[in-house]
Every structure is written in structure tokens, then in C-alpha cells.
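Remarks on the overall topology
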Amino acid sequence: MDEVTSLTISPWQPLLIGNEDFVYRQVHVQALLKLPASKKRRYPNETHFVPDPDGLSVYWKKQIELKNVFITIGLSYKFNTNEFKDHTLFKVFEFPVAFIKTIEGISQVLHAPVFNGDPAPVGYPNIFSHSLVAYENDPEIRLKLSDYCRDNNNSSFCDFDVHSIDNEVGKLRDKLNDTPFHKVA
Amino acid sequence: MIENYLVDDKSRKTRNDISWCDYDSMRLIGFNRDSKKENYFFDEKAFKKESGIIQLPKNLDLEVDLDGQIFTVPFTLKHIADEIEASNFIKKLEVNWDGENAKKIGPNIWTAAIKFLIEYSIYISKALNTIIQAPEINPCKDDSIDLSWRSIKSRLLINIRLVNGKFIAYYYGDNYNNNDPIKGSVSTETISEFLAVWMKSLA
């Protein structure tokens, strides 16, 4: 019986993201769920664009189907747990890279593929399209990213029936890490 | 006493002689005719309505308890007090509240942000005769808090965080389309006249 071996070195080289490209940003609704129902909130708001130390995680649209953005979310664990994220609690917004680069303080939009192994562990799928918008926590940047979604709702909001993939996500979870999202083709 | 803060919506002037306002003004400050249905403390029967003018009792100031520190908020800022009340959930968020490694929001951060909001709101009301809108009060995953406004004229984001042991308010605002932008940071310990004056556009 062949033994499954895990690669630790990424087989993927970052590619150049052009100004004509687009990226997807996923935002969650958990915080909103804790608010009184009477309190309406803009969605997304600026808190959805607080970057991690290495930048804001996005998906390079050219490299992933919208459906697979949600599947990837549904196959990922919540941080430091063995509990899958609920893909139905996320919404996705699309941004032109050309717009992002007009905001003062944003230095780069970088392709940063996530490779967790071949196969990747359960809960940590590989994400070739993963990219980073590099900036520090800055109120101007977060306000402008947030308002872009409001001002360009028709083109930015990715209207997707998240429940249409419930069964598919369930089946993929049942296959543990024997899925195309965990193995490098 | 609240009478100094009540605004005549038609003249846009504060009245010092009598505590009153009309229904439109009442709605502006967060009270409406359906208040009883929403279980507000406010009892409309307590008011005498004459030609669209209602008399207000003089002891409607609100008290906001910030972890034992009591702040008195004029009734005209009730909409802001309501938002503060709703933001209490922030203090109960645990580590990883967003499923993506969010930090727990420290109680001192919430208190600093709310204190900042109250002090600016009252200052702008008293000194600049302007009632600003209530902001959204939102937690950020990096243990900071956002105060976010969108008025007809302007937009403003203030992010309050702890830096080197001091609470700092980082802000950016403009009149949309990058017009007349302001950007900077101030200590939460004192009121910046410059920022307060600009915030008048949040009415």
C-alpha cells in the first residue's frame, strides 16, 4: 500500500496580479448576530477590512470560481478549533485591483497561494488563489474599502445562493482531505 | 437639565428659556410616537401637547454607567445613549469571536471608546449647538473599537486602540468623494477642538 506523503514545500510560485484583475473579499456576519435586532448595520462595514499583520486576505478572481470561494470557507476550520466554518454566514464582495491601488497607503496586491500540504490536513485546504492586499490598520483605507461596496453594490456584491452548495460541502467534509481542495492536481 | 440642549428644528436654535421641541425634533433625537410600543421609558402622556409643541419635564437626563463611572447624558443625545447600550455585547465577546483569531476586546478599550463618544457628543452639543448622529460602535478583531458615522454631508471613521499604554483615536473623514478630508490621531484624554468642529457635519 502506498504511503501518502505530505509535501512541505509549496509547488506554487506567486504570479503577478495585474491592474485589470479583480479580487474577492469574504466577510462574516458573526459580530452582527450578537447585536439587538433593532440595530441595523451597514454591511460590510470597516471592521471587515482590518488586516492581519501580513495584509488583508483575498481571493484572486482569475484563479478561482466564486462557488469555490464558499466551498473553501466551508472546508476550513475556525481558528484553533476542529469546527468547520459555516459558509452560509459569509458574503463575498468583488474589488477591482485598479481601484484598490488608488487608495493611499495600499502598497501592493500580492498573489500569496496557501499551500498546507499534499494532501493538506483536514480543515486547512490549499488555496492557490489566495492573495494579500498589503496595508496597515488605517481608518482611511478601511472606510474606503467599505464604502466601495456600498457605492458599487451591483458590481461588488457577489450574489450567490450559499445553500445551493450545502450538500456538496457536506460530501467534501465527509471525504476528509481526499478532495481536490486538499490535493495538488 | 435638558432644556439648553433641545433644538427647535425650524429655527435650528437652542432655547434656553423653556424646555420644548416639536415632534419632528423629537424624532431627530430618537423619540417617536410609537415609543410605548418599543418600551422606551418615555411616557407621552407626561407631556402637554399644544399646537405641535410638547412640554418636556426637566429631569430627563440619562445616566450611562461605564464600569462604575457615571456619565450624565442630555436627553437630546438619547439616540447615542441607545447605541452605547446596544454596544454592551462587545464586552462579552470571547477570544476568537469571529472564528478567525480575533482578540478579546478589553473592557478598558470599550470604556475609553464610549467615554470618548460621550464627551465629544456633549461638547459638540453644548459648545457648538449641534446634535450629531449616533455612530455605529463596532468591535475590531485587533482589540480596537470603531466609531463610524455616515451623515448626509460627511463620513467619519474613528478607531480607538491602545498604543504604548495610552488610548489613541485614529480618524479619517471627508465630505464624500475625498472632499475636504481630515486624517490624524488624537489622545482620548482631551477634546480636540479641530476634530469636534469638523464633527458638526455629522448632524
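Keep in mind the model is a prediction, meaning the values are calculated, not measured. (Residues numbered from 1 in each chain as written. Chains lettered and ligands numbered in written order. Predicted model: local features only at pLDDT ≥ 70, side-chain atom pairs only at ≥ 80, totals over all residues. Heavy atoms only, no water.)

**Digging into the overall build of chain B**
When its secondary structure is counted, chain B shows 4 helices and 12 strands. Considering chain B as a whole, with its 203 residues, one finds that 54% of them fall into the buried category. In chain B, once contacts between residues fewer than 6 apart in sequence are set aside, the share between residues at least 24 apart is 49%. Looking at chain B as shown, the accessible area adds up to about 9,600 Å², and 48% of this sits on carbon and sulfur atoms. (Helix = DSSP H or I, 4+ residues; strand = E, 2+ residues; numbered from the N terminus. Buried < 20%, exposed > 50% of the residue type's maximum accessible area, 1.4 Å probe, protein only. Contact = heavy atoms within 4.5 Å. Areas by Shrake-Rupley, 256 points an atom, 1.4 Å probe, with all protein chains shown as cover.)

**Structural notes on helix 2 (residues 66-74) of chain A**
Since there are 3.6 residues in each turn of an α-helix, residues three or four apart along the chain are aligned in direction. Residue and element names in this part refer to chain A. The buried fraction of helix 2 is high, at 8 of 9 residues. Within the span of helix 2, buried status applies to L66, N68, V69, F70, I71, T72, I73 and G74. Check the buried side of helix 2 and you find it contacts strand 1 (22-28), strand 2 (56-60), strand 3 (90-96) and helix 6 (166-174).

**A few points about the interface of chain B and chain A**
Often, the extent of an interface is quoted as the loss of accessible area on bringing the components together. Listed by partner, the interface residues are 34 residues for chain B and 31 residues for chain A. Buried area between chain B and chain A, both sides added, is near 2,800 Å², and the carbon and sulfur share of it is 51%. When the buried area of chain B at its contact with chain A is split by residue, E136(B), K141(B) and R150(B) rank highest and sum to 20% of it. On inspection of chain B and its partner chain A, the count reaches 9 salt bridges. Residue E140(A) pairs with K183(B) through a salt bridge whose shortest N-O separation is 2.8 Å. Linking chain B with chain A are 17 residue pairs in polar contact (both at pLDDT 80 or more), by the criterion used here. The set of elements that each furnish at least two residues to the side of chain B that touches chain A consists of helix 2 (78-86), strand 8 (136-140), strand 9 (144-150), strand 10 (155-163) and strand 11 (166-174) of chain B. Its residues placed into classes, the side of chain B that touches chain A shows 13 nonpolar, 8 polar and 13 charged. (Buried area = accessible area lost by both parts, 1.4 Å probe. Salt bridge = Lys/Arg side-chain N within 4 Å of Asp/Glu carboxyl O. Polar contact = N/O pair within 3.5 Å; in protein donor to acceptor, adjacent residues only side chain to side chain. Nonpolar A, V, L, I, M, F, W, Y, C, P; charged D, E, K, R; others polar.)

**Focus on the environment of R150(B)**
If you trace the backbone, R150(B) turns up in strand 9. The exposure class of R150(B) is buried, given its relative accessible area of 14%. For R150(B) and E136(B), which are 14 residues apart along the polypeptide, the C-alpha to C-alpha distance reads 9.1 Å. In this structure R150(B) touches R42(A), E46(A), L143(A), S146(A), D147(A), R150(A), Q133(B), R155(B), L156(B) and Y176(B), once residues within four positions along its chain are discounted. A distance of 2.8 Å separates polar atoms of two side chains, one belonging to R150(B) and the other to E46(A). At 2.8 Å, the side chain of R150(B) and the side chain of D147(A) are in polar contact.

**Here's the deal with the sheet that holds strand 1 of chain A**
All names here are of chain A. The strand order 3-1-2-5-4 describes an open sheet built from 5 strands, whose pairing is antiparallel. Looking at strand neighbours, the two that pair on one side only are strand 3 and strand 4 (108-111), the edges of this open sheet. Strand after strand, the sheet turns through a mean of 35° between neighbouring axes, direction not considered. In this sheet, strand 2 lies alongside strand 1 in antiparallel orientation, the contact comprising 2 bridges. Residue pairing in the sheet places Y24 in a bridge with Y59 of strand 2. (Pairing = 2+ DSSP bridges. Axes fitted to C-alpha atoms, helices over the stretch in contact; angles between N-to-C directions.)

**Things to note about the pattern of salt bridges**
One side chain can pair with another of opposite charge once the charged atoms of both are near each other. All chains considered together, the criterion is met by 20 salt bridges over all chains. Between E100(B) and K85(A) there is a salt bridge, with its nearest N and O atoms 3.1 Å apart. With E100(B) in the loop between helix 2 and helix 3 (107-128) and K85(A) in the loop between helix 2 and strand 3, this pair bridges two chains. With a relative accessible area of 15%, K85(A) lands in the buried category.

**What about a negative patch on the surface?**
All names here are of chain A. Taken together, the side chains of D86, D159, D161 and D166 define an acidic patch exposed on the protein surface. Checked against the element boundaries, D161 lands in the loop between helix 5 (153-156) and helix 6. Judged by its relative accessible area of 48%, D161 is partly exposed. (Patch = residues over 30% accessible without salt bridge, like charges linked within 9 Å, V, L, I, M, F, W, Y side chains within 5 Å. Lys, Arg positive; Asp, Glu negative; His and termini not counted. Charge placed at Lys NZ, Arg CZ, Asp CG, Glu CD.)

**With respect to helix 2 of chain B**
Most of helix 2 of chain B sits out of view: 7 of its 9 residues are buried. Buried residues along helix 2 of chain B sit in contact with strand 6 (62-66), helix 3 and strand 8 of chain B.

**Details of the pairing of strand 8 of chain B**
Residues and elements named next belong to chain B. For strand 8, a buried count of 5 out of 5 residues is recorded, marking the element as mostly surrounded by other parts of the structure. On strand 8, burial covers both faces: E136, N138 and C140 on one face and I137 and P139 on the other are all buried. Where strand 8 lies against strand 9, 5 bridges are found, and the strand directions are antiparallel. For E136, the partnering residue across the bridge sits in strand 9 and is S148. Between the antiparallel neighbours strand 8 and strand 9 lie 3 residues, among them D143 with a positive phi of about 65°.

**Focus on the packing of aromatic side chains**
All names here are of chain A. Inspection of every chain in the model, using the stated rule, returns 11 aromatic pairs over all chains. Aromatic side chains W12 and F115 sit 5.7 Å apart centroid to centroid with 80° between the ring planes, which places their arrangement in the edge-to-face category. Pair noted here: W12 is in the segment before strand 1 and F115 is in the loop between strand 4 and strand 5 (130-134), with a separation of 103 residues, a long-range link. Accessibility classification places W12 together with F115 in one group, the buried group. Ring pairing ties together the aromatic residues F49, F95, F99 and Y148, which thus form one cluster. Sitting above the plane of the F22 ring, K61 keeps its charged end 5.3 Å from the centroid. (Phe/Tyr/Trp six-rings, centres within 6.5 Å; stacked < 30°, edge-to-face > 60°. Lys NZ or Arg CZ within 6 Å of the ring centre and 35° of its normal.)

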